[in-house]
Amino acid sequence: MIKSVLIFNNHGKPRITKFYQQIDIGTQQALLQEIYSLVSKRPDTACNFLEGSQMLGGKDTRVIYRHYATLYFVFVVDESESELGILDLIQVFVESLDRCFENVCELDLIFHFEEVHHILSEVISGGMVLETNISEIVSAYSEANKLKKRSGAIATISGSGAGAVARDLGANLANTVTSTLQNTLQTTVSATFPTFRRNTGFNT
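Here's a quick rundown of the structure. Predicted model, so just to flag it, every value in this text is computed and none were measured.

## What to know about a nonpolar patch on the surface
Together, L107, I110 and F111 give the surface a local cluster of nonpolar side chains, amounting to about 320 Å² of exposed area. With respect to the helices, strands and loops of the structure, I110 is situated in helix 3 (residues 106-111).

Here it is as structure tokens:
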């Protein structure tokens with residue numbers, strides 16, 4: 001089982017964290033610091049997996065990672081998972097991100113947080129591997145993105161329609177009020193003017 005997926009930069013700042021076990025925030029932060037201290041000191045020529053965290057099972061836990069430029073992609077798994085299989089899975093995840101964002105970089109993870117989590121959910125669900133075909137992962141993401149844009153466009157059109165109706169109602173109300181005031185004023189003047197003429201002595 002995959003226990004967690006962690007992505008952090010060369011300075012240990014987390015960019016994406018996903019835990020498949022119930023862990024409190026304090027433990028999550030301590031775990032991130034522990035794993036960063038484990039992997040950041042290792043040279044790039046060293047093996048990409050090691051016995052991991054005392055916080056997540058000790059020797060029964062494996063920390064498997066890949067280092068790409070400024071980012072570490074770390075999968076924390078139990079002993080039932082294949083180390084080489086998880087290394088391949090990390091590569092699948094990274095290549096899927098690269099296709100979805102066209103040369104993915106650290107800023108993409110910051111500004112497209114929800115999209116990255118969506119792509120990860122296409123690969124892993126509940127700590128179990130769901131999909132390893134990059135084309136299927138990218139296709140699922142693209143379809144979800146299209147639906148999201150379509151929903152946003154419908155909402156915009158609906159909002160514009162509501163605004164137009166409100167403007168029409170406002171214009172009709174203004175015309176009605178103006179017409180009523182004009183009729184009232186005309187009636188008042190018509191009723192008052194003959195009296196004014198009689199009182200001042202003017203005749204037509």
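## Overview of the pattern of salt bridges
For the coordinates displayed, the defined rule picks out 3 salt bridges. For E106, the salt bridge is made with R15, and the minimal N-O distance between the two is 2.7 Å. With E106 in helix 3 and R15 in strand 2 (residues 14-19), this residue pair connects regions lying 91 residues apart in the sequence. When its relative accessible area of 19% is taken as the criterion, E106 is described as buried. Here R62 and E83 are joined by a salt bridge, their closest N and O atoms 3.4 Å apart. Here R62, found in strand 4 (residues 61-68), pairs with E83, found in helix 2 (residues 83-101); they are 21 residues apart in sequence, far enough to count as distant. Residue classification places R62 among the buried residues on the basis of a relative accessible area of 16%. You can call E83 partly exposed: its relative accessible area is 23%.

Conventions we followed
- Residues numbered from 1 in each chain as written.
- Predicted model: local features only at pLDDT ≥ 70, side-chain atom pairs only at ≥ 80, totals over all residues.
- Heavy atoms only, no water.
- Patch = residues over 30% accessible without salt bridge, like charges linked within 9 Å, V, L, I, M, F, W, Y side chains within 5 Å.
- Areas by Shrake-Rupley, 256 points an atom, 1.4 Å probe, with all protein chains shown as cover.
- Salt bridge = Lys/Arg side-chain N within 4 Å of Asp/Glu carboxyl O.
- Helix = DSSP H or I, 4+ residues; strand = E, 2+ residues; numbered from the N terminus.
- Buried < 20%, exposed > 50% of the residue type's maximum accessible area, 1.4 Å probe, protein only.

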